[in-house]
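Examining the three-dimensional arrangement
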Amino acid sequence: MNVKSAVHFRRLPRKRYKFERIRFCRRCGSYTTLWGDSCLSCQHKSTYTGLRDVAHALNKRLSRSSLMWVGVLVSIAVFTARNLTELIIALVIGISFLLGYAYIIRQFSSDVEQYRLQKILHKETDIILVGLHKDLEQAEIDLQASRYKDAYEKLREISQLIDNNALRLNKIKCLQHFILRKDMELELSSLLPDTFDKNFTSYLLDVIRLQPQLVNRAVIEYVILYKEQILLLPYGRELLVHVASSAMLVKGYLLPFHNFIHYLVPELHRESLLRLCRQITAEPEKYPELVIRVKNAIKLKYEYDPEFQGLF
Ligand SMILES: [Zn+2]
């Protein structure tokens, strides 16, 4: 059995755009999504910069050089003027053009910056992926060394940009080693493995006791798909009851999952059964078999409970 430890995860920063999670090494040109100060490729310190800063600097440099070329053309026009009239015309047109061009550059700088950012991302996709795989190697090293918190935090950050089954399974493996708390920023549907995974089911049971609101449609579908394997686990039935109870928290889940809920009605806890009653009494004609099963469950356990009186 795993020895579980109490941990506090580092905060996962919220970003508007995914690319804002990537940093670029000014020295060797590699990319990372991790937070360390030293570059994972060239080992130099404080060389990372955000992608938006890269696009901003590039935009500034290109704007300056295009302005400089316009300035050179204006200067040529001025120096090649043959008389005073041509000189005045060249100066007036040249300066107006220069000022106009500088104004346009300023007005559209954020759009152009966004365009440059897209170009960088498109051009550098392969190099960015190499960087992310280097990040994954770091997480793997932590995992091998049983530094589960470090490994999980890295995997959680990397998974904001790449997602695959192996990464999810490694995250689940790490999570087995932590004592989960209600106040933790826990994930659930983002961990769903491609196939049945026992570790995931035990994590699901832990999470569902703390944050049942994390159970969404994908989680319920996973549980239904692997119901037979789950029932073979010592906590299998308990898990299914918890999932059915969590489904009761979302009004729209009754219709798609009423067959699954129907199967577990006799074991639902009082609050969940009460919630189910309130949902089906709104449209009893839609769930005739479920109504019978719920009525039987009430009769068996809550016949004299005042809250169940008059619901049907
Ligand atoms: Zn570097």
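Our subject is the structure listed above.
Report follows, based on the coordinates. (Residues numbered from 1 in each chain as written. Predicted model: local features only at pLDDT ≥ 70, side-chain atom pairs only at ≥ 80, totals over all residues. Heavy atoms only, no water.)

When helices and strands are tallied, the protein shows 13 helices and five strands. Computed over the C-alpha atoms, the radius of gyration of the protein is 31 Å, more than 25% above the 20 Å expected from 2.2 N^0.38 for a compact globule of 312 residues. Each principal axis of the C-alpha atoms in the protein carries an extent, and together these give about 110 × 50 × 30 Å. Put simply, the protein has 312 residues, and 40% of those count as buried. Restricting the contact set of the protein to residue pairs at least 6 apart, pairs at least 24 apart contribute 63%. Approximately 18100 Å² of the protein is accessible, and the part contributed by carbon and sulfur atoms is 57%. Between the centroid of the 45 positive side chains of the protein and the centroid of its 33 negative side chains there is a distance of 5 Å. (Helix = DSSP H or I, 4+ residues; strand = E, 2+ residues; numbered from the N terminus. Rg over C-alpha atoms; globule rule 2.2 N^0.38 Å. Buried < 20%, exposed > 50% of the residue type's maximum accessible area, 1.4 Å probe, protein only. Contact = heavy atoms within 4.5 Å. Areas by Shrake-Rupley, 256 points an atom, 1.4 Å probe, with all protein chains shown as cover. Lys, Arg positive; Asp, Glu negative; His and termini not counted. Charge placed at Lys NZ, Arg CZ, Asp CG, Glu CD.)

The zinc ion binds to the protein through Cys25 (SG), Cys28 (SG), Cys39 (SG) and Cys42 (SG); the donor distances cover 2.2 to 2.3 Å. Every donor residue of the zinc ion comes from the same chain, spaced as C-x2-C-x10-C-x2-C. Here the residue Cys25 occupies a position in strand S2 (residues 23-25), and Cys39 occupies one in the loop between strand S3 (31-32) and strand S4 (48-50), the gap between them amounting to 14 residues. One exposure class covers both Cys25 and Cys39, and it is buried. (Donors = N, O, S within 2.8 Å, 3.2 Å for Na, K, Ca; no water.)

Before going further, it helps to spend a moment on the nonpolar core. Ranked by internal contacts, the top residues of the largest apolar core, which has 77 residues, are Leu51, Leu204, Val243, Ile261, Leu273, Leu276 and Val294. Leave out the neighbours within four places in its chain, and Leu204 touches Leu188, Val219, Val223, Leu239 and Val243. (Core = buried A, V, L, I, M, F, W, Y, C linked by side-chain atoms within 4.5 Å.)

This brings us to the pattern of salt bridges. Tallied over the entire structure, the rule returns 20 salt bridges. Between Glu86 and Arg82 there is a salt bridge, and its shortest N-O distance comes to 2.8 Å. What makes Arg82 exposed here is its relative accessible area of 71%. The salt bridge partner of Glu153 is Lys149, with a shortest N-O separation of 2.8 Å. You can see Glu153 and its partner Lys149 sitting in helix H5 (residues 148-158), four residues apart, about one turn around the helix. The class for Lys149 is partly exposed, based on a relative accessible area of 27%. Connected through shared salt-bridge partners, Arg270, Glu271, Arg278, Asp305 and Glu307 make up one network. (Salt bridge = Lys/Arg side-chain N within 4 Å of Asp/Glu carboxyl O.)

If you trace the three strands from one edge of the open sheet to the other, you get S3-S2-S4, paired in antiparallel fashion. The open sheet has two free edges, formed respectively by S3 and S4, since each of these has just one partner strand. Looking at chain direction, S2 and S4 are connected through three bridges and run antiparallel. Following the sheet pairing, Arg23 is matched in S4 by Gly50. (Pairing = 2+ DSSP bridges.)

This brings us to the environment of Glu185. By the secondary structure assignment, Glu185 is in the loop between strand S5 (178-179) and helix H7 (198-210). In sequence terms Glu185 and Asp150 are 35 residues apart; their C-alpha atoms lie 16 Å from each other. Look past the residues within four positions of Glu185 in its chain and what remains in contact with it is Leu12, Arg14 and Arg156. Here the side chain of Glu185 touches Arg14 through a polar contact of 2.5 Å, side chain to side chain. (Polar contact = N/O pair within 3.5 Å; in protein donor to acceptor, adjacent residues only side chain to side chain.)

A separate point is a nonpolar patch on the surface. A contiguous nonpolar patch, built from Met68, Trp69, Val72, Leu73 and Ile76 and spanning about 540 Å² of accessible area, is present on the exposed surface. Within the element layout of this structure, Trp69 appears in helix H1 (residues 51-79). Owing to a relative accessible area of 56%, Trp69 belongs among the exposed residues under this scheme. (Patch = residues over 30% accessible without salt bridge, like charges linked within 9 Å, V, L, I, M, F, W, Y side chains within 5 Å.)

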